[in-house]
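# Fold and geometry: a report
Each chain, written out:
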Amino acid sequence: MCLLAVYVPQDSGEDFRLVGCGSVLSGKSVPSHGTGLQPLCFLDLRNRIHILNRSVGKKYPVTLVQIFRHTSTEGRMLHYVLTALGIILFLVVAVFRAVFSYNWTWLCRRADCKKIDKIPGPKPIPFFGNMFLFILPEEELSKLFLRLYKEYAPTFRLWVMGFPEVFITDPEDVESLAGQVTCKLRLSAGDLEQHQSHYKEFRLRFASSLAGNRSAHQCWQVNLLKAAILNPLQAVQSIGPVGERSLGRPRGRWDKLKVGYNENVRLLAGLQQAQALMTGCNGLRGSYKESNKWQGRRKFLTPAFHFKILEEYLKVFNTNSQILVEKLGAQVGESFVDITSYVSMCTLDLICETAMGVQIHSQTDGEAEYIKAVKRMAKVVVKRQFTPWLHKDCIYYSSPLGREELRLLQILHGFSDQVMSRGALCVSGYSFDLSKRRRLAFLDLLIEISEQEGLLSGADIREEVDTFMFEGHDTTSMGISWAMYLLGSHPEVQEKVVEELKGIFGDSDREATYGDLQQMKYLERVIKEALRLFPSVPAFSRCLEVDVKIKNYTIPAGTQLPILPFLMHRNPEVFPNPEDFNPDNFLPERVQNRHPFAYIPFSAGPRNCIGQRFAMLEEKVVLSSVLRRLRLESLDKREEVPLLLELILRPQNGIRIKISPR
Ligand code: HEM
């Protein structure tokens, strides 16, 4: 922070007013000029400036406002000059920001703009579009989307700085974009004739930032900046969220930014290719240039989620759940715990051991730096998306935020490197024959593939490791935390779950087996209902490469189509009283008549979540272990838990739960 002059409030009780001029830097002394007063030490502590009078060793917290309110005449003059300079600077930055973040290409596409404008949505203002809707506190974003959804569903559009966004929420339409065969058909006869259907999928999640992939990044811009999304996505994180991840230095990677994939694949070349096209260009980790690369990798990674392997993981699930139970049990008598931090450490330990074959003991050894870095990274990514002048790399990486991202990347990459090197030691001598029923860590599989077929380089493996570390711990961590919150707010549902567990386990304290988990039908409905109200991945996105008809609208190529399970799961026609927590929404007879794309916490179609069975088993083991021993009581009502629509849907201030023994 830089300040030209600092005045101490006169009512501070000390004998000085103007105390110094110069730069105020964290912890550095600044000489005073022209005041004849002693130099002071200025400590910039984020929001407040502390002025330390060395002679008396006393610290005065002073805000800038206070500083100028108590100034002398020359101080007031200085104040006016600074204010004028500030306004000029603001205008320059605003223009700069507008020019750099504006998507000029659509200006030349008047006909396409008209097509977009036929879709209902809030009235855009020239140049800025609907951008000002998104100038709001971060916790208000989810409410804004709910308002837009109520007003304009099923299809609505937004313009943000020249980017069109068309939100589709009708399951039929979502199926046509994220689904498989129907999607092919829905590309319309004209597209089929041309044999050139080009769909791109941008994964809006955390890794998009990890990788520095331009397409993913643009996706974020489009989706998050415009607020829509997330990150996602992950950005629609994804914000955010998932995305392009080549885990090298972000700066040098712009060439790879192109979320590429096979641009000219023809539909008639076969269903497989068509599927890959429809579902996007990013692979499991997001940086594949060609859809068939994603397809190949998905194919050989799928065995890692074979049910026999998942069964092997049960021991790890149980052991780590028991540690969580003990940790939470130690909090009995405390007024509350923030459940999210306990659960995150548990799921991180779980994913490291199951997928990577290494134990990191974050539950017993304290919150891993990695988790803090993951959380902070999600914020950094979103902040960048909402700060258009930071979209250009050259500016971003010289800003404090960009430097912070690089620092966080070092932590994240350092962690996965560590996991990989330890994991590599563990894997030697493993067999990959399923019939031998040996524990098959995901990393083992990657190493095997790279050794046998030379398909994966070291960097490829790290990308996959990072993807799974992130996908596999933060998503389930929030899934479990939200389920605990809802159970703690609905004691009658919690008791029903406990009854079910008593029916399975009786008084025994044995560990859950695969068979036990299959019997936990009611708990499964609870988990699904929790993911309905609070989908861990609240949004993802598709980008059209050809014009497509949706409803009565023609949506031109190049348009982003964010898909928000967070909104779709609140469709009153599909889920009556959508805000109510009602596990019976997932009774078999209700599910039977529901459109398969009406409930999509794990996405749907060929690019759906590869880890969904893993996630479901993990959630069941953790929740059943906790509920068998402890009673949960949520202290906050729904309206008191502000939501952050980031890569992952999180509570802004954690989740307060009171723990008591059963
Ligand atoms: C409650 C838990 C989870 C939820 C809600 C969830 C949700 C999702 C969603 C919505 C997608 C698609 C995103 C998009 O289209 O951009 C996805 C993809 C993915 N998920 Fe999950 N996930 C969960 C747990 C997991 C776990 C435990 C793993 C790994 C162990 C995992 C690994 C992946 C991978 C690798 C992909 C990319 C798949 C591909 O592109 O083919 N997920 N997940």
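Residues numbered from 1 in each chain as written. Predicted model: local features only at pLDDT ≥ 70, side-chain atom pairs only at ≥ 80, totals over all residues.

### Some remarks on the overall build of the protein chain
Here is the rule: Segments assigned H or I by DSSP are reported as helices when at least four residues long, segments assigned E as strands when at least two residues long, and all are numbered from the N terminus. Backbone-placed C-beta atoms define the burial measure: a residue is buried with 20 or more other C-beta atoms within 10 Å of its own, exposed with 12 or fewer, and partly exposed in between.
Tallying secondary structure elements over the protein chain gives 25 helices and 18 strands in all. Out of the 662 residues belonging to the protein chain, those deemed buried represent 45%.

### Overview of the site of the ligand
To keep it simple, the criterion reads: What makes a residue near a molecule or strand is its C-beta atom, placed from the backbone, lying within 6 Å of it. Under the scheme applied here, ten amino acids are nonpolar (Ala, Val, Leu, Ile, Met, Phe, Trp, Tyr, Cys and Pro), four are charged (Asp, Glu, Lys and Arg), and all others, including Gly, are polar.
The full set close to the ligand counts 24 residues, and Gly-472, Thr-475, Phe-540, Cys-609 and Gly-611 are the nearest of them. Listed by contribution, the elements that provide at least two residues to the shell around the ligand are helix H19 (458-489) and helix H25 (612-629). When residues in the shell around the ligand are grouped by element, the largest group, 7 residues, is from H19. Of the residues contributing to the shell around the ligand, the split by class is 12 nonpolar, 8 polar and 4 charged.

### Observations concerning the sheet that holds strand S10 (residues 337-338)
Here is the rule: Between any two strands, at least two bridges found by DSSP are needed for them to pair. Our contact criterion uses C-beta atoms placed from the backbone: two residues qualify when those atoms are within 7 Å. An axis is simply a line fitted to the C-alpha atoms; with a helix, the fit covers only the stretch in contact. Between two such axes, the angle follows the N-to-C directions and lies from 0 to 180 degrees.
One open sheet accounts for 3 strands, arranged S10-S18-S15; its pairing is antiparallel. A strand with exactly one partner marks an edge of an open sheet, and here the two such strands are S10 and strand S15 (630-634). Bridge count between S15 and strand S18 (residues 656-661): 5 bridges; the pairing is antiparallel. Directly across from Ser-634, in S18, lies its bridge partner Ile-657. Here H19 sits on the sheet and contacts S15 and S18; the angle it forms with S15, its principal contact strand, is near 85 degrees.

### Topic: helix H22 (residues 521-533)
What counts is decided by this rule: Multiplying 1.5 Å by the helix residue count minus one yields the expected span of that helix.
For H22, with 13 residues, the first-to-last C-alpha span of 19 Å sits near the 18 Å given by 1.5 Å per residue. When we look at burial in H22, the residues that qualify are Leu-523, Arg-525, Val-526, Ile-527, Glu-529, Ala-530, Leu-531, Arg-532 and Leu-533.

### Some remarks on the UniProt feature "binding site: heme" (unreviewed entry) in the protein chain
Put simply, the rule reads: UniProt positions are given in the numbering used here, feature names are shortened, and annotations may be inferred rather than shown by experiment.
Per the UniProt record, the feature "binding site: heme" (unreviewed entry) sits at Cys-609. Structurally, the position occupied by Cys-609 is in the loop between helix H24 (588-592) and H25. Residue Cys-609 is classed as partly exposed on the basis of its 18 C-beta neighbours within 10 Å. In contact with Cys-609, not counting residues within four places along its chain, are Phe-602 and Ser-603.

### Here we look at unusual backbone geometry
In this chain, Ala-153 is followed by Pro-154 through a cis amide linkage whose omega measures 10 degrees. Positionally, Pro-154 belongs in the loop between helix H4 (141-152) and strand S7 (155-160). In the Ramachandran plot, Lys-551 falls in the positive-phi region, its phi being about 55 degrees despite a non-glycine side chain. Tracing the backbone through its elements, the reader meets Lys-551 in the loop between strand S12 (548-550) and strand S13 (553-555). Since 13 C-beta atoms lie within 10 Å of it, Lys-551 is described here as partly exposed. Positive phi, normally seen in glycine, also occurs at Asn-577, with a value near 45 degrees. For Asn-577, the position within the fold is in the loop between helix H23 (565-568) and H24. Judged by the 9 C-beta atoms lying within 10 Å of it, Asn-577 falls in the exposed class.

### Observations regarding the packing of helix H20 (residues 491-505) against H22
Viewed as axis vectors pointing N to C, H20 and H22 meet at an angle of 145 degrees, and their least axial separation amounts to 8 Å. Residues Val-493, Lys-496, Val-497 and Glu-500 of H20 pack against Tyr-522, Leu-523 and Val-526 of H22. In terms of residue class, the contact of H20 with H22 is built from 5 nonpolar, no polar and 2 charged.

### Considering the packing of helix H12 (residues 307-329) against helix H13 (residues 339-356)
Operational definition: An angle counts as roughly parallel when it lies under 35 degrees, as roughly antiparallel when it exceeds 145, as roughly perpendicular when it falls between 65 and 115, and as oblique in every other case. Working rule for handedness: look at the near helix, and if it is turned counterclockwise from the far one by less than a right angle, call the crossing left-handed; if clockwise, right-handed.
H13 packs onto H12 with a crossing angle of 160 degrees between their chain directions and a minimal axis gap of 10 Å. Here H12 lies roughly antiparallel to H13, going by the angle between them. In terms of crossing hand, the pair formed by H12 and H13 is right-handed. Only Tyr-342, Cys-346, Asp-349, Leu-350, Glu-353 and Thr-354 of H13 make contact with H12, whose side of the interface consists of Tyr-313, Val-316, Phe-317, Asn-320, Ser-321, Leu-324, Lys-327 and Leu-328. Residue composition of the contact of H12 with H13, grouped by class: 8 nonpolar, 3 polar and 3 charged.

### Focus on H4
The line we're drawing: What the arc covers is the set of directions going from the helix axis to the C-beta atoms.
With 12 residues, H4 extends 16 Å from end C-alpha to end C-alpha; this agrees with the ideal 16 Å at 1.5 Å per step. Listed as buried for H4 are Leu-141, Phe-145 and Leu-148. Taken down its axis, H4 places every buried residue within 60 degrees of arc, on the same side. Among the exposed residues of H4, those pointing more than 90 degrees away from its buried face are Lys-150 and Glu-151. The inward-facing, buried residues of H4 contact S7, H23 and strand S16 (643-645).

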